[in-house]
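If you want the building blocks of each chain, they are given just below.
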Amino acid sequence: MSGMNAMIAECKKYVDEGYRAGPTDHTIFGAWYGLDYNPYCDEFVSYCGAASGNTAAIGHFAYCPSHVDWFRSRNQWSEYPKIGAIVFYDWDDDGIADHTGIVVSFDDDTITCYEGDTVGPNDGPYGVWERTRARKVPNVLGYGYPSYPADQAPPAAVPPAKPHVPAYPGPTFLPGCYSTSTTLLDHQLIHLGYAYAYHYGPGPYYGSGTEAAVYAFLAKHPDLWVNGKPDDICGPRTWDAIFSAG
């Protein structure tokens, strides 16, 4: 069994047995590390690394920011997921890792990981769980790429997925219309950070909230201006630019 497979199998063992922390966060991982009764997500990763013979590849850490620095100092850091990579989450968007786990699968939008010191689905008790989360920033700070014994070559980065751009609704897509396309547009603008007072909610009415959000987007993209100034109407070029923004 390769180093990576052994590491994943060791982590999965605790997922399958439904491992839960004892009173005041007592765990075998913290006891092994010598720092019991504390947050143990990184102790879980380090423990499984040691138990699977991968300490040299995984490291020996209890503090996520130090673990991030270790991977970065070894040029084993990426913004893209890879099976067997160690993911670090940044819940506060402050550039400091808050939580970690090991990636076992991923797609364009999500990553599935084995994690310690996390709640389960439907607010299950704290313990070791399989969790599926969004890949989006700032939730994910980045990924450490361990040099597993059978995986010494630098891993190939996974290229970012191309954004899906839906077809433009047509010439009747104007302020005042009711359309599912408006709902789609509003949600994309909110995703990009252009959230305004949508009196009727995000869609289906193309009202003042949508107009203000479109205008704010265009104000930052002068290449799309008409007659030297931003507009509040979402034409075909603006539509494509909004949905291509990620």
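Residues numbered from 1 in each chain as written. Predicted model: local features only at pLDDT ≥ 70, side-chain atom pairs only at ≥ 80, totals over all residues. Heavy atoms only, no water.

> Can you tell me about the overall build of the protein, naming the residues and giving the values?
Within the protein one finds eight helices and six strands. The linear arrangement of helices and strands in the protein, starting from the amino end, is α-α-α-α-α-β-β-β-β-β-β-α-α-α. Over its C-alpha trace the protein gives a radius of gyration of 23 Å, far above what one expects of a compact globule, namely 18 Å for 246 residues. With the principal axes as the frame, the protein shows a C-alpha extent of 65 × 40 × 30 Å. Long-range contacts, defined as pairs at least 24 residues apart, comprise 54% of the intrachain contacts of the protein with a sequence gap of at least 6. Working note: accessible area of the protein is about 12300 Å², and carbon and sulfur atoms make up 54% of it. When the 14 basic and 28 acidic side-chain charges of the protein are each reduced to a single mean position, those positions are 5 Å apart. (Helix = DSSP H or I, 4+ residues; strand = E, 2+ residues; numbered from the N terminus. Rg over C-alpha atoms; globule rule 2.2 N^0.38 Å. Contact = heavy atoms within 4.5 Å. Areas by Shrake-Rupley, 256 points an atom, 1.4 Å probe, with all protein chains shown as cover. Lys, Arg positive; Asp, Glu negative; His and termini not counted. Charge placed at Lys NZ, Arg CZ, Asp CG, Glu CD.)

> Which residues make up the environment of alanine 56, and what values go with them?
When you line up the elements, alanine 56 lands in helix 4 (residues 55–58). Note: C-alpha distance between alanine 56 and valine 119 (63 residues apart in sequence) is 29 Å. Setting aside residues up to four positions removed in sequence, alanine 56 forms contacts with Trp70 and Arg74.

> Account for helix 7 (residues 208–219), with residues named and values stated.
With twelve residues, helix 7 should cover 16 Å at 1.5 Å per step; its first-to-last C-alpha distance of 16 Å lies within 8% of that length. All buried positions along helix 7 are accounted for by Gly209, Thr210, Ala213, Val214, Ala216, Phe217 and Leu218. In this structure, the buried side of helix 7 is in contact with helix 6 (180–191) and helix 8 (236–244). (Expected span 1.5 Å × (residues − 1). Buried < 20%, exposed > 50% of the residue type's maximum accessible area, 1.4 Å probe, protein only.)

> Describe the sheet that holds strand 5 (residues 124–134), naming the residues involved and giving the relevant values.
Read from one edge of the open sheet, six strands run 1-6-2-3-4-5, paired in antiparallel fashion. In this open sheet, the two edge strands, each paired with only one partner strand, are strand 1 (77–78) and strand 5. Summarising the sheet, strand 1 and strand 6 (residues 140–144) pair through two bridges and their orientation is antiparallel. Residue pairing across strands places serine 78 opposite tyrosine 143, the latter belonging to strand 6. (Pairing = 2+ DSSP bridges.)

> Describe the pattern of salt bridges, with residues and values.
On inspection of all chains with the given rule, the structure shows three salt bridges. With a closest N to O distance of 3.1 Å, lysine 13 and glutamate 10 form a salt bridge. Of the two residues, lysine 13 and glutamate 10 are both situated in helix 1 (residues 3–16); the distance of three residues between them amounts to about one turn of the helix. On the basis of relative accessible area, glutamate 10 is assigned to the buried category, the value being 12%. With its nearest N and O atoms 2.7 Å apart, the salt bridge here joins aspartate 16 to lysine 12. Here the residue aspartate 16 and the residue lysine 12 both occupy positions in helix 1, the gap between them amounting to four residues, near one helical turn. Assessed through its relative accessible area of 55%, aspartate 16 is described here as exposed. Since its relative accessible area comes to 35%, lysine 12 is described here as partly exposed. (Salt bridge = Lys/Arg side-chain N within 4 Å of Asp/Glu carboxyl O.)

> So what's going on with the nonpolar core? Which residues, and what values?
Formed by 28 residues in total, the largest nonpolar core has its most connected members in Met7, Tyr14, Phe29, Phe44 and Ile102. Going through the elements one at a time, helix 1, helix 3 (41–51), helix 4, helix 5 (64–73), strand 2 (86–89) and strand 3 (99–106) are the ones with two or more residues in this core. What methionine 7 contacts, discounting residues up to four positions off in sequence, is Val45, Cys48, Gly49, Ser52, Asn54, Ile58, Ile102 and Tyr148. By size, the runner-up hydrophobic cluster in this structure holds 16 residues, among which are Leu189, Tyr206, Ala216 and Phe243. (Core = buried A, V, L, I, M, F, W, Y, C linked by side-chain atoms within 4.5 Å.)

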